[in-house]
Amino acid sequence: MTGPPCGSLLDYKTAKFSVTRNRRVGLLHRLLQLSALGYLLGWVLLLRKGYQERDAAPRVAVVTKVKGAAAAEAAGRRLWDAADLTWPPQGENVLFLVTHFTATIQQAQGTCSESPSVLDGMCTEDADCPLGKPVVHGNGIKTGKCLMFNTTHSTCEIYGWCPVENDTLPRKPLLAEAENFTIFIKNTVHFTKFNFSKCNTLQTTDPSYFKNCTYDPVFNPSCPVFRVRDMVEAAGKNFGDLALLGGIIRVLIEWNCDLDHPAAQCQPQYSFRLQDTMYNFSVSHRTASYYWGSQRQLYRNLLKLYGIRFDLSVHGQSFLSRAGENGLSHLKKNLLVMSRGGRFSSLKAGAVKCSVGKAGKFSIVPTAVSFGTSIAFFGAATMVCDLILLYLDAKADLYWKGKFEEARPPKGRPEATA
């Protein structure tokens, strides 16, 4: 008597297991299982935070301010403060601080000899100075005359700002006092997805705190006011050497926070790295101030400024394991920062916001995916041991017979034919 046609759909089938007394394969099986468990606990959960949902669009702002004063005797005694020594950067992620300069005083538009340091301005006769042709890498336009510059050099006469620019650089930086300048760096990180914000400045009601403090990694890590000399020395360079022709220093702000702990323990770490030194190609910037003389003649004072360029970038990560808390920040790309110097009474500052990096928070979906992947490794351990027993072991035939059973019809009952 046959059963109902759909009765087999309600049957439950389970796998048949065979126990083998092979200690080598048994040991291998346990080692593979322990490896899968170590992968789950160590790599997925502890290091990679595989139980977290991620936010890859934080908002970051950085503001920089420079303070200080220095005096220089070149071109007459002059006081330089933050408004004079901090120039608009050549890129939007840098701050340029002047440390050295050359000055060309009382230039007026007229005719004079080109500098002998300009190759296209050298000549031996008037034919070498065609009228109306600009001097390549020079200071003006040729007038058609070749003049004696000194006893050993002849140069073309030019129409331009005369006298030509002074390119003799003093051997010592004229603004050595700039090493005592301070740079205030305020960095704020906000993750809109988790509604978490953090700033690198100390939350204090004392208005004089930031005027008197200076950053120290041990004794004053919450003060974001950095002395220029300390930044240069932290980068492994002497200020006097770097100030002569300039260089580039990278300022790295790293956030590595575990938000399972109080938010006050989430503090940035600062590091300074020398990116380049400009012994062959100086970091310089030209500026001129114009004025009228007594004869209504227009004059200018030309300054060629050398200095140190600071590149600012923000990196970091934070961790959170409890749902409902504020999560993880992971800034992996360079932050674009616009920097401006300011006067003591009216500081100017720039800020740029950008959405770079990652943040994370506990979520059931990535948790389930991470656990599912790890459980699959447990299954793979069993499959590897089965393959060894069935194909590589000396008693493979015995294991085949014990693992696979051929289904036969009862005796005295013929098999069904088509």
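Residues numbered from 1 in each chain as written. Predicted model: local features only at pLDDT ≥ 70, side-chain atom pairs only at ≥ 80, totals over all residues. Heavy atoms only, no water.

**Focus: the overall build of the protein**
Thinking step 1. When helices and strands are counted, the protein shows seven helices and 18 strands.
Thinking step 2. The buried share among the 418 residues of the protein stands at 40%.
Thinking step 3. Sequence separation of at least 24 residues holds for 69% of the intrachain contacts in the protein that already meet a minimum separation of 6.
Thinking step 4. When the accessible surface of the protein is split by element, carbon and sulfur atoms take 55% of a total near 25000 Å². (Helix = DSSP H or I, 4+ residues; strand = E, 2+ residues; numbered from the N terminus. Buried < 20%, exposed > 50% of the residue type's maximum accessible area, 1.4 Å probe, protein only. Contact = heavy atoms within 4.5 Å. Areas by Shrake-Rupley, 256 points an atom, 1.4 Å probe, with all protein chains shown as cover.)

**Brief notes about the nonpolar core**
Thinking step 1. One finds F101, I183, I185, V228, I249, F272 and F310 to be the most contacted residues of the largest nonpolar core, which totals 39 residues.
Thinking step 2. Aside from chain neighbours lying at most four places away, what touches F272 is F226, M231, A234, A235, I249, R250 and V251.
Thinking step 3. Core analysis: the next-biggest nonpolar cluster, separate from the first, contains six residues, V118, I158, C162 and V164 among them. (Core = buried A, V, L, I, M, F, W, Y, C linked by side-chain atoms within 4.5 Å.)

**With respect to a nonpolar patch on the surface**
Thinking step 1. A grouping of M383, V384, L387, Y391, L392 and W400 is seen on the molecular surface, where their side chains present a nonpolar patch of about 640 Å² in accessible area.
Thinking step 2. When residues in the nonpolar patch are grouped by element, the largest group, five residues, is from helix α6 (residues 364-392). (Patch = residues over 30% accessible without salt bridge, like charges linked within 9 Å, V, L, I, M, F, W, Y side chains within 5 Å. Salt bridge = Lys/Arg side-chain N within 4 Å of Asp/Glu carboxyl O.)

**Quick look at the packing of aromatic side chains**
Thinking step 1. Taken as a whole and judged by the stated rule, the model has eight aromatic pairs.
Thinking step 2. Ring geometry for Y209 against F210: centres 5.1 Å apart, planes inclined by 75 degrees, an arrangement best described as edge-to-face.
Thinking step 3. Judged by relative accessible area, Y209 falls into the buried class, the value being 17%.
Thinking step 4. With 4.9 Å between their ring centres and 70 degrees between their planes, F226 and Y270 make a pair best called edge-to-face. Residue F226 is located in strand β11 (residues 225-227), and its partner Y270 is located in strand β13 (residues 268-277); the two are separated by 44 residues in the primary sequence.
Thinking step 5. Residue F226 is classed as buried on the basis of its relative accessible area of 2%.
Thinking step 6. Judged by relative accessible area, Y270 falls into the buried class, the value being 11%.
Thinking step 7. Ring-pair connections join several aromatic residues into one group, and the members of that group are Y215, F226, Y270 and F272.
Thinking step 8. A cation sits over an aromatic face here: R296 above W292, 4.8 Å from the ring centre. (Phe/Tyr/Trp six-rings, centres within 6.5 Å; stacked < 30°, edge-to-face > 60°. Lys NZ or Arg CZ within 6 Å of the ring centre and 35° of its normal.)

**Quick word on the pattern of salt bridges**
Thinking step 1. Summed over the entire model, instances satisfying the criterion amount to four salt bridges.
Thinking step 2. Where K142 meets D120, a salt bridge forms, and the shortest distance between an N and an O atom there is 3.5 Å. One end of the pair, K142, is in strand β7 (residues 140-148); the other, D120, is in the loop between β6 (94-113) and β7, with 22 residues separating them in the sequence.
Thinking step 3. Note on D120: relative accessible area 25%, which makes it partly exposed.
Thinking step 4. Put simply, R227 and D230 hold a salt bridge, and the shortest N to O gap is 3.4 Å.
Thinking step 5. In this structure D230 comes out as partly exposed when scored by relative accessible area, which is 31%.

**Concerning the state of the cysteines**
Thinking step 1. This model, assessed by the stated rule, comprises four disulfides.
Thinking step 2. Between C112 and C162 runs a disulfide, and the two sulfur atoms are separated by 2.1 Å. When the S-S torsion is -80 degrees, as for the bridge of C112 with C162, the disulfide is left-handed. Of this pair, C112 sits in strand β6 while C162 sits in strand β8 (residues 154-162), and the two are 50 residues apart along the sequence. (Disulfide = S-S within 2.5 Å.)

**Let's talk about the pairing of β7**
Thinking step 1. Of the strand pairs in this sheet, β7 and β8 are connected by six bridges, and their pairing is antiparallel. When the sheet's bridge partners are listed, M148 is paired in β8 with S154.
Thinking step 2. Connecting β7 to the next strand, β8, in antiparallel fashion are five residues. (Pairing = 2+ DSSP bridges.)

**Some details on unusual backbone geometry**
Thinking step 1. Of note, the amide linkage connecting C162 to P163 takes the cis form, showing an omega dihedral of -5 degrees.
Thinking step 2. Turning to its location among the elements, P163 is positioned in the loop between β8 and β9 (182-191).
Thinking step 3. Even without a glycine there, the phi angle at Q106 is positive, about 55 degrees.
Thinking step 4. In this fold, Q106 is placed in strand β6.
Thinking step 5. Although it is not a glycine, R296 adopts a positive phi angle of roughly 60 degrees.
Thinking step 6. Note that R296 resides in the loop between β14 (284-292) and β15 (298-319).

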